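Listed below, chain by chain, are the residues.
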Amino acid sequence: MNEESHCHTAESPHSGNSHFTLELSSDGRLVSVSMNGEKLLDVTQTSAGVTQHMSNTKDHSPPASKCTEIRQESRRFLKIILTETALSTLAVMFLQMLAYEIFFHDTTFANRYLWWFFYLDLTAAALITTIGYLRSFIYANISHMMGMLIGMTIGMQVGTMAGAVVGATNGFFIGSMTGMVMGVLSGTITAWCCGPMAVIHGLMAGVMGGTMGAMVVVMMIPDHVMIFMPVFTLLNIAILVWFTYLFHQECSQLPTIQTRRPMGMLATLAVNVLAVGTVSGLMVYGPKGPMVWSGKPIHAGTGQHSDHGGSNPFSASEFSKPPNNDAAPEMVCGAMMNMNNE
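In this text the structure is predicted, and so the values were computed from the model without any measurement.

Concerning the overall build of the chain
Along the backbone of the chain there are nine helices and six strands. Classification of the 342 residues of the chain by burial places 36% in the buried group. Across the chain, the fraction of contacts at a sequence separation of at least 24, relative to all contacts at a separation of at least 6, is 69%. Of the accessible surface of the chain, which amounts to about 20,200 Å², a share of 66% is contributed by carbon and sulfur atoms.

Here's the deal with the side chain of Thr85
When you line up the elements, Thr85 lands in helix H2 (residues 64-103). On the accessibility criterion, Thr85 (3% relative accessible area) is buried. For Thr85, the side chain forms a polar contact with the side chain of Thr129, separated by 3.2 Å. Ignoring anything within four residues of it in the chain, the contact list for Thr85 reads Ala125, Ile128, Thr129, Thr268 and Asn272.

Section: the packing of helix H5 (residues 172-191) against helix H6 (residues 196-220)
A pair of packed helices can be characterised by two numbers: the angle between their axes and the separation between those axes. Running from N to C, H5 and H6 cross one another at 155°; their axes reach a closest spacing of 7 Å. One element, H5, and the other, H6, form an angle in the roughly antiparallel class. Considering only the axes of H5 and H6, their crossing is right-handed. Two secondary-structure elements touch here, H5 through Phe172, Gly175, Ser176, Gly179, Met180, Gly183, Val184, Gly187, Thr188 and Ala191 and H6 through Ala198, Val199, Gly202, Leu203, Gly206, Val207, Gly210, Thr211, Ala214, Met215 and Val218. Residues that form the contact of H5 with H6 fall into these classes: eleven nonpolar, ten polar and no charged.

Some remarks on helix H7 (residues 225-251)
Under the 1.5 Å per step criterion, the end-to-end length of H7 is 38 Å for 27 residues, consistent within 8% with the ideal 39 Å. When H7 is considered as a whole, its buried residues turn out to be Val225, Met229, Phe232, Thr233, Asn236, Leu240, Phe243, Thr244, Phe247, His248 and Cys251.

Description of the confidence of the model for the chain
Mean pLDDT over the chain: 79, with 69% of residues reaching 70 or higher. Put simply, helix H9 (residues 327-341) is where the chain has its lowest mean pLDDT, 47, and H5 is where it has its highest, 96. For residues 327-337, every residue scores under 50 in pLDDT, and the model assigns this stretch zero contacts once sequence neighbours within four places are set aside.

With respect to the pattern of salt bridges
Under the criterion given, the structure shown has one salt bridge. For Arg76, the salt bridge goes to Glu73, with nearest N and O atoms at 2.7 Å. Taken together, the residues span about one helical turn, with Arg76 and Glu73 both in helix H2 at a distance of three residues.

Details of the packing of aromatic side chains
Inspection of every chain in the model, using the stated rule, returns 17 aromatic pairs. Centre to centre, the rings of Phe103 and Phe104 are 6.3 Å apart; their planes meet at 55°, and the pair counts as tilted. Phe103 sits in the exposed class, given a relative accessible area of 62%. Consider the rings of Phe109 and Tyr113, whose centres lie 4.9 Å apart with planes at 40°: the pair is tilted. Here the residue Phe109 and the residue Tyr113 both occupy positions in helix H3 (residues 107-135), the gap between them amounting to four residues, near one helical turn.

Quick notes on the nonpolar core
Judged by nonpolar contacts, the single largest core of 26 residues is most densely connected at Trp116, Val217, Met229 and Met283. The set of elements that each furnish at least two residues to this core consists of H2, H3, helix H4 (144-170), H7 and helix H8 (265-285). If we skip the residues at most four places from it in the chain, Met229 touches Trp116, Tyr119 and Val217. Of all hydrophobic cores here, the second largest spans 22 residues; its members include Phe137, Tyr139, Val158 and Met161.

What about H3?
Each α-helix winds once per 3.6 residues, and so residues spaced three or four apart point in a common direction. The end-to-end C-alpha distance of H3, which contains 29 residues, comes to 41 Å, matching closely the 42 Å that a straight helix rising 1.5 Å per residue would cover. Bending of H3 peaks at approximately 40° at the position of Tyr113.

A closer look at the environment of Arg261
Positionally, Arg261 belongs in the loop between strand E6 (258-259) and H8. Since its relative accessible area comes to 67%, Arg261 is described here as exposed. Expressed as a C-alpha distance, the spacing of Arg261 and Phe77, which sit 184 residues apart in the sequence, is 8.1 Å.

Things to note about the environment of Val276
In this fold, Val276 is placed in helix H8. The class of Val276 is buried, set by a relative accessible area of 3%. With 151 residues separating them along the chain, Val276 and Ala125 place their C-alpha atoms 9.7 Å apart. If sequence neighbours within four positions are ignored, Val276 has contacts with Val92, Gln96, Leu120, Asp121 and Ala124.

Some points on unusual backbone geometry
Notably, His224 is not glycine yet its phi reads approximately 60°, a positive angle. Residue classification places His224 among the partly exposed positions, given a relative accessible area of 27%.

Rules used throughout
Residues numbered from 1 in each chain as written. Predicted model: local features only at pLDDT ≥ 70, side-chain atom pairs only at ≥ 80, totals over all residues. Heavy atoms only, no water. Helix = DSSP H or I, 4+ residues; strand = E, 2+ residues; numbered from the N terminus. Buried < 20%, exposed > 50% of the residue type's maximum accessible area, 1.4 Å probe, protein only. Contact = heavy atoms within 4.5 Å. Areas by Shrake-Rupley, 256 points an atom, 1.4 Å probe, with all protein chains shown as cover. Polar contact = N/O pair within 3.5 Å; in protein donor to acceptor, adjacent residues only side chain to side chain. Axes fitted to C-alpha atoms, helices over the stretch in contact; angles between N-to-C directions. Parallel < 35°, antiparallel > 145°, perpendicular 65-115°, else oblique. Left-handed = near helix turned anticlockwise from the far one by under 90°. Nonpolar A, V, L, I, M, F, W, Y, C, P; charged D, E, K, R; others polar. Expected span 1.5 Å × (residues − 1). pLDDT = per-residue confidence, 0-100. Salt bridge = Lys/Arg side-chain N within 4 Å of Asp/Glu carboxyl O. Phe/Tyr/Trp six-rings, centres within 6.5 Å; stacked < 30°, edge-to-face > 60°. Core = buried A, V, L, I, M, F, W, Y, C linked by side-chain atoms within 4.5 Å. Bend = angle between axes of the 7 residues up to and from the residue.

Quick look at the structure:
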């Protein structure tokens, strides 16, 4: 200390050998306390430690200008990714129309697949936008809660939306397998840097979403699936939009998050073409289950395709209860037993 200090000594009344020493500064402030020459309290060091701790805490809080800069960068990234995804989706649709005109120009093929190709394009556009926006940040140091939300949302939505589209054209088994694999891979990769809890949520959500998406759409095929699909797709896209907004609000102001350059147009187009092309090939050439969409409603009683109600999607198919084939043998058996008794 630069200030002049002096000491006051006081002996303990219980022992003549013990004495306390109080060191005061020139303005009367306590500097240190000693007993028998051993320093018990050093106010100077304590104050310096508190001051250093407060200084370190203050350094960790991000300045307002940095938060504003990151938010502006986040909005700019989102606009870039939306533009690139929209352009790549239009390019994919053009390639699909070109392939249809060259290889599959058939009314039966159009009734069976074109609507599902459209839902596949919407699914790919929404998922590529969301995952591409996440990739624009280095979010390894975010909270465990946000990491778990990333794994759960990406795994669930990828599995549900992909499994639903493939399940409609290929059946429950192929749809579930496709949805589970894509959901688990996407949820695990996006949540890998956030810790094991986030990875577990990605794995669970991928398994659940893949099976549930395929099952729901396959079960809806006899009951107005073409009315169900627009609402189903829009609600899933709304989940992705709200998740993106939440990530922007929660993570774009964190001092530990860092930004990096988003995917370019060529990378976005390559990912979109590869994903949609692979799934489209599976939908057309992959194995088909016992209940799939073939362009006509399925009769609810027999599981056979019927033209009834095809023009009006709200008109329900007639349900005919299958005959009870077990009744006749029981009656015959009963009659034979009565004859033997006679």
